[in-house]
Amino acid sequence: MILEIFIWVTAFFLIIFFGGALFGATWIPTKKKEFERIARLVQLNPGMIFYDLGSGDAKLLFYLAQKYNVICVGIEISPILYLYSKFKSLFSNNVRIKYGNFLKYDLSNADVIYAFLLPSFYPKLERKIRDNINKESTLILLSTWPFENKKQFKIDEKKGETVYYLYKKADL
């Protein structure tokens with residue numbers, strides 16, 4: 001009986017933390033101390049539409065929606081993280097959570113797209129942005145790794161912290 005419980009608990013945590021790896025990323029939450037840095041980098045203004053591709057527990061989205069009055073859309077492929085953040089979103093006017101692979105969703109109304117994905121998934125992300133985003137001014141903020149052979153609009157590096165690469169859709 002104890003072994004069975006251990007196996008189920010272990011499976012639960014493996015799904016949460018590594019389930020997304022099949023689709024481009026494991027769940028590594030954005031640190032709360034990075035939230036303001038992200039908002040500053042993309043110069044958030046009320047009414048903007050901010051997408052988080054692989055939104056996990058959506059803490060970033062709830063923070064930005066409340067503090068900056070932006071519309072936040074999270075797309076999460078892990079069923080458990082989706083259910084958790086979807087439930088929380090029921091109590092927020094400006095946060096919408098969608099389930100599944102972001103490649104299947106329309107991102108055309110995005111002002112900002114934020115992603116922390118493995119670089120091996122970037123060619124699909126670039127194609128999605130080129131084919132689905134019409135606004136040349138849409139900003140793409142990547143955490144940790146840049147697009148290969150693409151000029152960044154801005155790089156934000158701080159010693160010992162996450163590196164962010166900011167692009168404009170027009171530059172992809």
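Bear in mind the structure is a predicted one, so any value in this text is a computation, not a measurement.

**Quick word on the environment of D156**
Thinking step 1. Along the chain, D156 turns up in strand β6 (residues 154–156).
Thinking step 2. Along the backbone, D156 and R37 are 119 residues apart, and their C-alpha atoms lie at a distance of 9.1 Å.
Thinking step 3. Beyond its immediate stretch of four places on either side in the chain, D156 contacts R37, R40, L41, T162, V163 and Y164.
Thinking step 4. Among the polar contacts listed, one links the side chain of D156 to the side chain of R37, at a separation of 2.4 Å.

**Details of a nonpolar patch on the surface**
Thinking step 1. A grouping of F87, L90 and F91 is seen on the molecular surface, where their side chains present a nonpolar patch of about 400 Å² in accessible area.
Thinking step 2. Along the polypeptide, F91 turns up in the loop between α4 (79–89) and β3 (95–99).

**Focus on helix α5 (residues 122–132)**
Thinking step 1. When we look at burial in α5, the residues that qualify are Y122, L125, E126, K128, I129 and N132. Buried residues of α5 fall within an arc of 160° about the axis and therefore sit on the same side.

**Digging into the packing of aromatic side chains**
Thinking step 1. This structure, assessed with the given rule, holds 9 aromatic pairs.
Thinking step 2. Measuring from ring centre to ring centre gives 5.7 Å for F102 and F121, while their planes differ by 80°; the resulting arrangement is edge-to-face. Here F102, found in the loop between β3 and β4 (112–115), pairs with F121, found in the loop between β4 and α5; they are 19 residues apart in sequence, far enough to count as distant.
Thinking step 3. Exposure remark for F102: the relative accessible area of 6% places this residue in the buried category.
Thinking step 4. On the basis of relative accessible area, F121 is assigned to the buried category, the value being 9%.

**Quick word on the nonpolar core**
Thinking step 1. V42, L44, F50, L64, C72 and L141 are the most contacted members of the largest nonpolar core, which has 26 residues in total.
Thinking step 2. Residue assignment for this core shows that the elements contributing at least two residues are α2 (35–42), α3 (59–68), β3, β4, β5 (139–143) and β7 (164–168).
Thinking step 3. Per-element tally for this core: the top contributor is α3, with 6 residues.
Thinking step 4. When sequence neighbours within four positions are dropped, the list of residues in contact with L64 reads F35, A39, L44, F50, N69, V70 and C72.

**Examining the sheet that holds β7**
Thinking step 1. One open sheet accounts for 7 strands, arranged β3-β2-β1-β4-β5-β7-β6; its pairing is mixed. Two strands bound the open sheet, and with one partner strand each, they are β3 and β6. For this sheet the average axis-to-axis angle between neighbouring strands, irrespective of direction, equals 20°.
Thinking step 2. The pairing of strand β2 (residues 71–76) with β3 spans 5 bridges and is classified as parallel.

**Some details on the side chain of S89**
Thinking step 1. Locating S89 in the fold gives a position in helix α4.
Thinking step 2. S89 sits in the buried class, given a relative accessible area of 6%.
Thinking step 3. Residues within four places of S89 in sequence aside, it is in contact with F62, V95 and I97.

**Side note on the environment of N132**
Thinking step 1. One can find N132 in helix α5.
Thinking step 2. In this structure N132 comes out as buried when scored by relative accessible area, which is 17%.
Thinking step 3. Separated by 27 residues in the primary sequence, N132 and Y105 place their C-alpha atoms 9.2 Å from one another.
Thinking step 4. Apart from the residues within four sequence positions on either side, N132 is in contact with Y105, D106, L107 and S108.
Thinking step 5. Within the structure, the side chain of N132 is placed 2.5 Å from the backbone nitrogen of L107, a separation counted as a polar contact.

**A word on unusual backbone geometry**
Thinking step 1. In this structure, Q43 is a non-glycine residue whose phi angle is positive, near 50°.
Thinking step 2. Its place among the elements puts Q43 in the loop between α2 and β1 (49–53).
Thinking step 3. On the accessibility criterion, Q43 (58% relative accessible area) is exposed.
Thinking step 4. For N69, which is not glycine, the phi dihedral falls at a positive 55°.
Thinking step 5. Relative to the elements of secondary structure, N69 occurs in the loop between α3 and β2.
Thinking step 6. Relative accessible area serves as the criterion here: at 44%, N69 is assigned to the partly exposed category.

What counts and what doesn't
Residues numbered from 1 in each chain as written. Predicted model: local features only at pLDDT ≥ 70, side-chain atom pairs only at ≥ 80, totals over all residues. Heavy atoms only, no water. Helix = DSSP H or I, 4+ residues; strand = E, 2+ residues; numbered from the N terminus. Contact = heavy atoms within 4.5 Å. Polar contact = N/O pair within 3.5 Å; in protein donor to acceptor, adjacent residues only side chain to side chain. Patch = residues over 30% accessible without salt bridge, like charges linked within 9 Å, V, L, I, M, F, W, Y side chains within 5 Å. Areas by Shrake-Rupley, 256 points an atom, 1.4 Å probe, with all protein chains shown as cover. Salt bridge = Lys/Arg side-chain N within 4 Å of Asp/Glu carboxyl O. Buried < 20%, exposed > 50% of the residue type's maximum accessible area, 1.4 Å probe, protein only. Arc of directions from axis to C-beta. Phe/Tyr/Trp six-rings, centres within 6.5 Å; stacked < 30°, edge-to-face > 60°. Core = buried A, V, L, I, M, F, W, Y, C linked by side-chain atoms within 4.5 Å. Pairing = 2+ DSSP bridges. Axes fitted to C-alpha atoms, helices over the stretch in contact; angles between N-to-C directions.

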